[in-house]
Amino acid sequence: MTCRPGFSTFAGRVALARQSVLSGASADAFDACFKMFDGEMVAAALMRAAEKDAALADAMPRYFDMELLQEIHARHASTDLEAAAAAIRRKEAAQGRARAKRWELEGDGQAALF
């Protein structure tokens, strides 16, 4: 995954996805924005942005299943998206550390990733 400036933050990923959709970029240019375990929150944030940005709203159907995005948007209508995204990433990081520890304990001290 290519790391661009700001990509490591939730707001940065939302901004990159928004900019990519508005510019007509290839979906490959911003698909990583949705692969940090908090993709649903990124999608909800885009829907919120599209409520205030007609150009974004018009461009989104070229990239997304709008029915699915509307469901996500409704599910997170009152969610603090940035806080929820951070909690999801913390949970995933903790689970990843636990998996690594299990691999270390089960093996010969070397984590077998493949």
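Keep in mind that what you see is a predicted model, and the values were worked out from it rather than measured.

Calculation notes
- Starting afresh in each chain, residues are numbered from 1 along the sequence in its written order.
- Residue-level local features of this predicted model are given only where pLDDT is at least 70; pairs of side-chain atoms are given and counted only at 80 or more, and the full residue set underlies all totals for whole chains, interfaces and linings.
- As a rule here, side-chain values cover all heavy atoms of the structure and leave hydrogens and water aside.
- A helix here means a DSSP run of H or I that spans at least four residues, while a strand means a run of E at least two residues long, and both kinds are numbered starting from the N terminus.
- In this scheme, a residue with accessible area under 20% of its type's maximum is buried, one over 50% is exposed, and one in between is partly exposed, where area comes from a 1.4 Å probe on protein chains only.
- Pairing of aromatic rings covers Phe, Tyr and Trp, the last counted by its six-membered ring, and requires centre-to-centre distances within 6.5 Å; plane angles under 30 degrees mean stacked, over 60 mean edge-to-face, and any other angle means tilted.
- We define a salt bridge as a contact between a side-chain nitrogen of Lys or Arg and a carboxyl oxygen of Asp or Glu at a distance within 4 Å.
- What pLDDT expresses is the predictor's confidence in each residue, scored from 0 to 100.
- The arc in question is traced by the directions running from the helix axis to the C-beta atoms.
- Residues adjacent in sequence count toward polar contacts only when both atoms are side-chain atoms; beyond that, a polar contact is any pair of N or O atoms within 3.5 Å, and within protein one must be able to donate a hydrogen and the other to accept it.
- Every angle, taken between N-to-C directions, lies between 0 and 180 degrees, and every axis is a line fitted to C-alpha atoms, over only the stretch in contact when it is a helix.
- Any angle that is under 35 degrees is reported as roughly parallel, and any over 145 degrees as roughly antiparallel; angles of 65 to 115 degrees are reported as roughly perpendicular and all others as oblique.
- Residue contacts are defined here by distance: any two heavy atoms, one from each residue, within 4.5 Å place the two residues in contact.
- Put simply, Ala, Val, Leu, Ile, Met, Phe, Trp, Tyr, Cys and Pro go in the nonpolar bin, Asp, Glu, Lys and Arg in the charged bin, and everything else, Gly too, in the polar bin.

**Here we look at the overall build of the chain**
- Helix and strand content of the chain: five helices and zero strands.
- From first element to last, N terminus to C terminus, the chain shows the α and β order α-α-α-α-α.
- Within the span of the chain, comprising 114 residues, buried residues form 32% of the whole.

**What to know about the packing of aromatic side chains**
- One pass over the structure, following the stated rule, counts five aromatic pairs.
- Between F34 and F64, the aromatic rings sit 5.8 Å apart at their centres with planes inclined by 65°, giving edge-to-face as the arrangement. Here the residue F34 occupies a position in the loop between α1 (10–23) and α2 (39–52), and F64 occupies one in the loop between α3 (54–59) and α4 (66–75), the gap between them amounting to 30 residues.
- A relative accessible area of 23% means that F34 is categorised as partly exposed.
- Three or more aromatic residues link up through ring pairs in this structure, and these residues are F30, F34, Y63 and F64.

**Topic: the pattern of salt bridges**
- Scanning all chains against the criterion turns up six salt bridges.
- In this structure, E40 and R75 form a salt bridge, with 2.9 Å as the shortest nitrogen-oxygen distance. A residue pair is termed long-range when its members are at least 10 positions apart, and E40 in helix α2 and R75 in helix α4 qualify at 35 residues.
- With its nearest N and O atoms 2.9 Å apart, the salt bridge here joins R99 to E92.
- Since its relative accessible area comes to 18%, E92 is described here as buried.

**Here we look at the confidence of the model for the chain**
- Here the chain averages 87 in pLDDT, while 86% of its residues score no lower than 70.
- Across the chain, α3 holds the top mean pLDDT of 98, while helix α5 (residues 81–106) sits lowest at 86.

**Here's the deal with α4**
- All of the buried residues in α4 are L69, I72 and H73. Taken end-on, α4 shows its buried residues confined to a sector of 100°, consistent with a single buried face. Turned more than 90 degrees away from the buried face of α4 sit E67 and A74, all of them exposed.
- The opening residue of α4, the one whose side-chain oxygen lies 3.0 Å from the backbone nitrogen of E67, is D65.

**Looking at unusual backbone geometry**
- You will see that F37, though not glycine, has its phi angle at about 75°, which is positive.
- In this fold, F37 is placed in the loop between α1 and α2.
- Classification of F37 as exposed rests on a relative accessible area of 54%.

**Focus: the packing of α2 against α4**
- Two numbers describe how α2 lies on α4: the axes approach to 9 Å, and their chain directions differ by 95°. Considering the angle they form, α2 stands roughly perpendicular to α4. Of α4, the residues touching α2 (which contributes E40, A43, A44, M47, R48 and E51) are M66, L69, Q70, I72, H73 and R75.
- For the contact of α2 with α4, the per-class residue count stands at six nonpolar, two polar and four charged.

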